[in-house]
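Survey of secondary and tertiary structure
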Amino acid sequence: MAGGTTEAFDAASPHLQPMGSNIVHVGKTGTGHAAKALNNLLSAANLSAAAENLCAAAAVGSKPENMVKIINGSTGRSQATEVKYPRHILTRKFDSGFAMDLMLKDLRIARSIFSDHSIEAPVVLAAEATAQTARGHLEAKSPDHTELVRHYERANGMLLRETESPLTAHPGPQIQRTDLHRQPHRDAGRQGPHPKPHPCSPGPGTDIDRDPRSHRNLAARGRHCCLPGRLGSMA
């Protein structure tokens, strides 16, 4: 991507061609710089959106690698799901070669473009803010930008990796979602051999999303679930 006058672009083209085959004259001077920053902001948004969706998929029992395959065969795919997740994130290598601090530099430039031109952009600017927050939680001196995913893992108490069980407590042993609704009430030992059903547990043959005692319905009424695990704190 290059910005400048047509004459300047034509003069620079012989020097740009050895660097790549997809050379685009974006427009006037500065537009190439802006295009790079805006692209990297969109890339960060894609990376974050995929992390959020994979966490949600894992919460309902989908293996991350299977969800990535589904996304990549569907309309939600992006370079993040096609390359970064299979190669650098689910493998836990985090070795794309692009430093997170360099990405954040581009994101700040992109934010200034939106601000300077009064562009409403709540989605991508939220992604920029999330990336800045995530960096503050990473202890590595120069983390790879794909380690942005660690922010979501920490927040949701799970690890996105190629594994037999996609939902992993952080820290602690793996948790199977189906077990979360079969835990005895914490007072069961004091209630005798037939403790009262936990208020968050649906009855036999019920749909957990529609049962009035389910997590979602408790949350809608402002109540909290006391079952252990990720699904045990519904605000």
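Higher on the page you've got the structure.
So, here is what we can say about the structure in this document. (Residues numbered from 1 in each chain as written. Predicted model: local features only at pLDDT ≥ 70, side-chain atom pairs only at ≥ 80, totals over all residues. Heavy atoms only, no water.)

Counting its regular elements, the protein chain contains eight helices and two strands. Starting at the N terminus and ending at the C terminus, the protein chain contains elements arranged as β-α-β-α-α-α-α-α-α-α. Residues classed as buried in the protein chain amount to 38% of the 235 residues present. Long-range pairs, those at least 24 residues apart, make up 55% of the contacts in the protein chain with a sequence separation of at least 6. (Helix = DSSP H or I, 4+ residues; strand = E, 2+ residues; numbered from the N terminus. Buried < 20%, exposed > 50% of the residue type's maximum accessible area, 1.4 Å probe, protein only. Contact = heavy atoms within 4.5 Å.)

Let us now look at the nonpolar core. Counting 35 residues, the largest nonpolar core has L47, Y85, M100, M103, L107 and V149 as the members making the most contacts within it. When residues of this core are traced back to their parent elements, those giving at least two are helix 2 (31–59), helix 3 (64–72), helix 4 (79–89), helix 5 (100–116), helix 6 (122–137) and helix 7 (149–156). Tallying contributions element by element places helix 2 first for this core, with 10 residues. Residues contacting V149, with those up to four places away along its chain left out, are L47, A51, Y85, I89 and L160. (Core = buried A, V, L, I, M, F, W, Y, C linked by side-chain atoms within 4.5 Å.)

Take the pattern of salt bridges next. Enumeration over the complete set of coordinates arrives at seven salt bridges. Taking the shortest distance from any N to any O, the salt bridge between R135 and D101 comes out at 2.7 Å. Taken together, the positions of R135 in helix 6 and D101 in helix 5 put the pair 34 residues apart, joining distant regions of the chain. We classify R135 as buried; its relative accessible area is 16%. Put simply, D106 and K105 hold a salt bridge, and the shortest N to O gap is 2.9 Å. Of the residues examined, D106 reaches a relative accessible area of 1% and is grouped as buried. Look at the salt bridges and you will find they share partners, linking K36, K105 and D106 into a network. (Salt bridge = Lys/Arg side-chain N within 4 Å of Asp/Glu carboxyl O.)

Once that is clear, we can look at helix 7. When helix 7 is considered as a whole, its buried residues turn out to be V149, H151, Y152, E153 and N156. Contact partners of the buried residues in helix 7: helix 2, helix 4 and helix 6. Count one or two residues on from helix 7 and you reach G157, which has phi positive near 65°.

Our focus in this paragraph is helix 4. Every buried residue of helix 4 is accounted for by A80, T81, K84, Y85, H88 and I89. The buried residues of helix 4 occupy an angular sector of 130° when projected down its axis, which confines them to one face. Looking at the buried positions of helix 4, the neighbouring elements they touch are helix 2, helix 3 and helix 7. (Arc of directions from axis to C-beta.)

Take unusual backbone geometry next. One non-glycine residue, R92, lies in positive phi territory at about 65°. With respect to the helices and strands, R92 occurs in the loop between helix 4 and helix 5. Using a relative accessible area of 26% as the deciding quantity, one classes R92 as partly exposed. Phi is positive for F94, which is not a glycine, with a value near 45°. By secondary structure assignment, the location of F94 is in the loop between helix 4 and helix 5. By relative accessible area, which is 7% here, F94 ends up buried.

Attention now moves to the environment of L160. Here L160 lies in the loop between helix 7 and helix 8 (215–220). Look past the residues within four positions of L160 in its chain and what remains in contact with it is A51, L54, C55, P64, I89, L90, R92, V149 and E153.

With respect to the helices and strands, the residue M1 is situated in the segment before strand 1 (2–3). M1 sits in the exposed class, given a relative accessible area of 53%. Distance from M1 to G32, taken between C-alpha atoms, is 5.0 Å for residues 31 residues apart in sequence. With near-sequence residues (within four places) excluded, M1 lies in contact with V24, V26, G32, A35 and K36.

Keep in mind these values describe shape, not function.
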